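Examination of the molecular architecture
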Amino acid sequence: GTGKTAAYALPILMKVKYAQGQNARCMVFAPTRELVIQIDAAFRELGKYTDLRFVALYGGLGPKTQIENLKKGVDIIIATPGRFMDLYLLGEIPTKSLQYLVLDEADKMMDMGFMPQISKILEVIPRKRKNLLFSATFQPRVEKLSEEFLEAPLKIEITPSATAASTISQKLYKVPNFRTKINLLGHLLDSEEITRAMVFCRTKTVADNVFKFLERKVLGS
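The rules behind these values
Residues numbered from 1 in each chain as written. Predicted model: local features only at pLDDT ≥ 70, side-chain atom pairs only at ≥ 80, totals over all residues. Heavy atoms only, no water. Buried < 20%, exposed > 50% of the residue type's maximum accessible area, 1.4 Å probe, protein only. Helix = DSSP H or I, 4+ residues; strand = E, 2+ residues; numbered from the N terminus. Pairing = 2+ DSSP bridges. Right-handed = clockwise from strand over helix to strand, strands pointing away. Axes fitted to C-alpha atoms, helices over the stretch in contact; angles between N-to-C directions. Contact = heavy atoms within 4.5 Å. Parallel < 35°, antiparallel > 145°, perpendicular 65-115°, else oblique. Left-handed = near helix turned anticlockwise from the far one by under 90°. Nonpolar A, V, L, I, M, F, W, Y, C, P; charged D, E, K, R; others polar. Polar contact = N/O pair within 3.5 Å; in protein donor to acceptor, adjacent residues only side chain to side chain.

1. A short note on the pairing of strand 3 (residues 76-79)
- Of the two faces of strand 3, the one holding Ile-76 and Ile-78 and the one holding Ile-77 and Ala-79 are both buried throughout.
- The pairing of strand 1 (residues 26-29) with strand 3 spans four bridges and is classified as parallel. Residue pairing across strands places Met-27 opposite Ile-77, the latter belonging to strand 3.
- Looking at chain direction, strand 2 (residues 54-57) and strand 3 are connected through four bridges and run parallel. Across the sheet, Val-55 pairs through a bridge with Ile-77, a residue of strand 3.
- Handedness of the β-α-β unit built from strand 2, helix 3 (residues 64-71) and strand 3 comes out right-handed.

2. Looking at the sheet that holds strand 2
- Strands sit in the order 2-3-1-4-5 across an open sheet of five strands; the sheet is parallel. Both edges of this open sheet fall to strand 2 and strand 5 (130-133), since each of them pairs with a single strand only. Strand-to-strand twist of the sheet, defined as the mean angle between neighbouring strand axes without regard to direction, takes the value 15°.
- Running over the sheet, helix 4 (residues 81-89) touches strand 1, strand 2 and strand 3 and is turned about 135° from strand 1.

3. Focus on the packing of helix 1 (residues 4-16) against helix 2 (residues 33-46)
- Between helix 1 and helix 2, the shortest axis-to-axis distance is 10 Å and the interhelical angle comes to 45°. In terms of orientation, helix 1 and helix 2 fall into the oblique class. The chirality of how helix 1 crosses helix 2 is right-handed. The segment helix 1 lies against helix 2, with Thr-5, Ala-6, Tyr-8, Ala-9, Leu-10, Ile-12 and Leu-13 engaging Ile-39, Ala-42, Phe-43 and Leu-46.
- Of the residues contributing to the contact of helix 1 with helix 2, the split by class is 10 nonpolar, one polar and no charged.

4. Examining the side chain of Asp-40
- The residue Asp-40 is located in helix 2 in this model.
- Overall, the relative accessible area of 11% leaves Asp-40 in the buried class.
- Among the polar contacts made by the side chain of Asp-40, one reaches the side chain of Arg-44 at a distance of 2.9 Å.
- Excluding residues within four positions of it along the chain, Asp-40 makes contact with Phe-54, Val-55, Ala-56 and Ile-78.

5. Remarks on the packing of helix 4 against helix 6 (residues 115-124)
- Running from N to C, helix 4 and helix 6 cross one another at 45°; their axes reach a closest spacing of 10 Å. When the axis of helix 4 is compared with that of helix 6, the two are oblique. The two elements helix 4 and helix 6 cross, and the hand of that crossing is left-handed. Contacts from Pro-81, Gly-82, Phe-84, Met-85 and Tyr-88 in helix 4 reach Gln-117, Ile-118, Lys-120, Ile-121 and Val-124 in helix 6.

This is the structure:
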């Protein structure tokens, strides 16, 4: 994709350098099992000519194998917050050697309700560490988190927030209520200008209602 994982994986690999001790010196948190597996694969590919040891921790399967892998010794852990806390509370993850902490997809972690767990994690890991936070969008709440999580942070922005691609033209229609909005949508989709469209809705219920309306008024006509 964009190379975001490499943006932090390569510097971390250069800093951690080689296998050392039994306990992790770097921790990467991601919101989903799929993303943890993806990041773990990227670290393994980028670090295949090192002797560094990687362990991925996520739910959906029993912790036995993951605990066994931790006991063999680990340098970099990639984990979901929930599984990390489960194993930490079992006494399986010492944190005293931790030097680097990465929060990936911070906005998604907030959307998925992981912030109480993240706050607990920040309480049990060494205060003296280097922190990195990555977010696809930099909403006010993510900025607030960064102020709590990072000390004197350096903000690197690839594209300013809410910047549209140069190939996209935008139009805004101000309508007073949902009924007007949905009728306007039907009118727009009835025109010959729009042959393909995607309609985004806030909730599943609204999406179902919009679909039923379009099915009846537009597709049925």
